[in-house]
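Chain by chain, the residues:
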Number of protein chains: 2
Amino acid sequence: DCNQGDDNDAMLSNFDGFEILKVISENTRSKTVTVHGKMKGENAVVLLEKKPFDAKHMNRYLTEETSLKNTLKNDIYGTYEAFLPSTENAVKAVVIHPATDKHIQKYTDQERFVIEETENLYKTVTLPLLESKQLSVQWVYNILEKKQEADRIVYEDTDPEIGFILLPDMKWDRKDPAALYLVAIAHKHGIKSLRDLNASKLPLLKNILNQGKNAIMKKYNVPSWKLHAYIHYQPSYYHFHVHFTNIKLEAPGFDADRAHLLTDVIENIEMMDTYYEKKTLTFVARETEDLFLKFKENGCFDETSQDEIKKD
Amino acid sequence: DCNQGDDNDAMLSNFDGFEILKVISENTRSKTVTVHGKMKGENAVVLLEKKPFDAKHMNRYLTEETSLKNTLKNDIYGTYEAFLPSTENAVKAVVIHPATDKHIQKYTDQERFVIEETENLYKTVTLPLLESKQLSVQWVYNILEKKQEADRIVYEDTDPEIGFILLPDMKWDRKDPAALYLVAIAHKHGIKSLRDLNASKLPLLKNILNQGKNAIMKKYNVPSWKLHAYIHYQPSYYHFHVHFTNIKLEAPGFDADRAHLLTDVIENIEMMDTYYEKKTLTFVARETEDLFLKFKENGCFDETSQDEIKKD
């Protein structure tokens, strides 16, 4: 067993002896693939990802060492398969070994489902689930009370009603303003999500929008017309926060079924105080999420509910 | 000159003699890069794109021929640079040569700007521009009159008020339902965009939503909870149409600053007939677009307009 352990700790020099069981995830846009297999009799997960080009290495890509195989030629347009020098064309590989069933499940593509959450479904399905789970946001309180991450704070308004803390998202390296990603976390407790926003929260929303933008302009010199400010629904945690990203960043959570522009939220509430209480909100849930399972129990994905559409 | 022409037509076997002038575009998410350079004294544009992995070739990737260089090792997690067999790791290259200034401009990354189009800005900036340009949608009428693409029609409702033609988008190969992308084009003329939608258009909107979803279920067996139905603002052409995509497809135009879910549009109009006349609509424009230039003339990107936010 000890020897086995040593073996597992060894660094690999190639994939000799790797047994492929199944491709468990694939993304042709980001050019990634994940495989479940076996190595030395134990489960392994291998993630492969094509690397982005490095602009500083263009002079190594476009040389006589890169051979070209023509696949199409039409007038001034030529399409080729290019074979770069191998040292310039590494692929990122992550090997998890030995992998548990949890690892395999975590990296397996999950089916996703569109949920149209009406006012009634929120009150009878989503809200009771949130309340029963009593999700802890203690880590958020730790930030607000400066027990954690105090050195990362970019800006703070300490007002308990309309104040917030602005700090960089984990996904941002805090260097390149083109990839700017900040999060404003409200000091006020108890605003779970978009569903809890109404006219009484307008001062908070406007304060985050205006002061957030000003702080970003002052600190990073990114003007408001280069920024998106938005709220996720469903959020990843149920304490009110706003995302600020540079529009150059193709932020993964900026899809129309998840991101709600803060300016739109403010205007909708100004038009109608109860807008986010009444509005059907559409989002996508994955098949293993509790929320999906609750909606499924509720018959939202039955054939009959497809028929409902026909009768409409 | 004739010889020069022959030379240009020749297929390349490598990039020998290529002179790099500038990296004109870069995308680290899609792993593409575009270079402006010179070949044989003339301008050239080279686009490089990493290819997605081919799941059928996994058994050629994960072999002893793929050498690994360890970059990080922590418990069961190992991170490597993997050097795949060169034949399994081709890069797609497109060479445009000789390239004109227009090609260079077309492939150069453009700055993008957030525009918050109020009701007033629509009436005084956008609408007059659209009217002055008199953009032709004759090609759309050709489809509706079945002079073009009649063989591609998936479904049709011929009603002149609420009818539409459903057909595959150019981006879809019409094979893989996971990449499903269809467009419903309204028979009715004169609905330029989201701005023209109000209660009088609800029968059209609901008909497209319900019949579109039913037709997709019947023909491709994709249920409504696997579909997004949405409208672009700004649209790419000013004749009313709706996009239907499989949620598995990470459709490029599904960003929260461009896509408006058809269900949201219907509900907003039901709440308030003039919603899309009154609402500020946010979209992103590129620096060479006429619409951007008009908004710029209008002072929307001046330092003072940034100051306005502070005063709010």
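Not measured: the values here are computed from a predicted model. (Residues numbered from 1 in each chain as written. Chains lettered and ligands numbered in written order. Predicted model: local features only at pLDDT ≥ 70, side-chain atom pairs only at ≥ 80, totals over all residues. Heavy atoms only, no water.)

**Things to note about the pairing of strand E2 (residues 32–39) of chain A**
Residues and elements named next belong to chain A.
Here comes step 1: Counting buried positions along E2 gives 7 out of 8 residues, so the element sits mostly inside the fold.
Here comes step 2: Where strand E1 (residues 19–27) lies against E2, 7 bridges are found, and the strand directions are antiparallel. The residue bridging Val23 from the neighbouring strand is Val35, located in E2.
Here comes step 3: Between E1 and E2, which pair antiparallel one after the other, the connecting turn spans 4 residues, and Lys31 there sits at a positive phi close to 60°.
Here comes step 4: With 8 bridges joining them, E2 and strand E3 (residues 42–50) adopt antiparallel strand pairing. Looking across to E3, one finds that His36 is bridged to Val45.
Here comes step 5: Hairpin connection of E2 to E3: 2 residues between the antiparallel strands, including Lys40 at a positive phi of 50°. (Buried < 20%, exposed > 50% of the residue type's maximum accessible area, 1.4 Å probe, protein only. Helix = DSSP H or I, 4+ residues; strand = E, 2+ residues; numbered from the N terminus. Pairing = 2+ DSSP bridges.)

**Details of the side chain of His187 of chain A**
Residue and element names in this part refer to chain A.
Here comes step 1: By the element assignment, His187 lies in the loop between strand E10 (181–186) and helix H6 (202–220).
Here comes step 2: Here His187 falls in the buried class, since its relative accessible area comes to 14%.
Here comes step 3: A distance of 2.8 Å separates the side chain of His187 from the side chain of Glu156, its partner in a polar contact.
Here comes step 4: If near-sequence neighbours (up to four positions away) are discounted, His187 is found in contact with Leu144, Glu156, Asp157, Thr158, Asp159, Pro160, Gly163, Phe164 and Ile165. (Polar contact = N/O pair within 3.5 Å; in protein donor to acceptor, adjacent residues only side chain to side chain. Contact = heavy atoms within 4.5 Å.)

**Regarding the environment of Phe301 of chain B**
Here comes step 1: In this fold, Phe301 of chain B is placed in the loop between helix H9 (290–297) and helix H10 (303–311).
Here comes step 2: Considered as a pair, Phe301 of chain B and Val114 of chain B are 187 residues apart in the sequence and their alpha carbons are 9.4 Å apart.
Here comes step 3: Discounting residues that sit within four places of it in the chain, Phe301 of chain B has contacts with Trp225 of chain A together with Phe113, Val114, Ile115, Phe292, Phe295 and Lys296 of chain B.

**Observations concerning the interface of chain B and chain A**
Here comes step 1: Contacts between the two partners involve 107 residues from chain B, matched on the other side by 107 residues from chain A.
Here comes step 2: The interface formed by chain B and chain A contains 10 salt bridges.
Here comes step 3: A salt bridge links Lys226 of chain B to Glu111 of chain A; the nearest nitrogen and oxygen atoms lie 2.3 Å apart.
Here comes step 4: At the boundary of chain B and chain A, one finds 49 residue pairs in polar contact (both at pLDDT 80 or more).
Here comes step 5: Of the residues assigned to the side of chain B that touches chain A, the class counts are 49 nonpolar, 29 polar and 29 charged.
Here comes step 6: Across 6 bridges, strand E5 (residues 77–83) of chain A lies against strand E6 (residues 91–96) of chain B in antiparallel orientation. Following the sheet pairing, Thr79 of chain A is matched in E6 of chain B by Val94 of chain B. (Salt bridge = Lys/Arg side-chain N within 4 Å of Asp/Glu carboxyl O. Nonpolar A, V, L, I, M, F, W, Y, C, P; charged D, E, K, R; others polar.)

**Re the relation of the copies chain B and chain A**
Two copies of a chain can be linked by a rotation about an axis combined with a shift along that same axis.
Here comes step 1: Between the two copies, chain B and chain A, the superposition gives an RMSD of 0.1 Å; the rotation angle is 180° and the shift along the axis is 0.0 Å. What we have between these two chains is a two-fold relation. Identified as the residue of chain B closest to the rotation axis by C-alpha distance is Ala256 of chain B, at 2.0 Å.
Here comes step 2: Comparing interface residues between copies, 100% of those in chain B also lie at the interface in chain A; the contact surface is shared. (Least-squares fit on C-alpha atoms with pLDDT ≥ 70 in both.)

**Examining the pattern of salt bridges**
Here comes step 1: Inspection of every chain in the model, using the stated rule, returns 43 salt bridges over all chains.
Here comes step 2: In this structure, Glu81 of chain A engages Lys69 of chain A in a salt bridge whose closest nitrogen and oxygen atoms are separated by 3.7 Å. With a gap of 12 residues between them, Glu81 of chain A in strand E5 and Lys69 of chain A in strand E4 (residues 67–74) connect regions that are remote in the sequence.
Here comes step 3: By relative accessible area, Lys69 of chain A is classed as partly exposed at 47%.
Here comes step 4: Ionic pairing is found between Lys146 of chain B and Glu156 of chain B, a salt bridge with its closest N-O pair at 2.6 Å. Of this pair, Lys146 of chain B sits in the loop between helix H5 (138–144) and strand E8 (155–157) while Glu156 of chain B sits in strand E8, and the two are 10 residues apart along the sequence.
Here comes step 5: For Lys146 of chain B, a relative accessible area of 42% translates into the label partly exposed.
Here comes step 6: Salt bridges sharing common partners tie together Glu119, Lys123, Glu277 and Lys278 of chain A.

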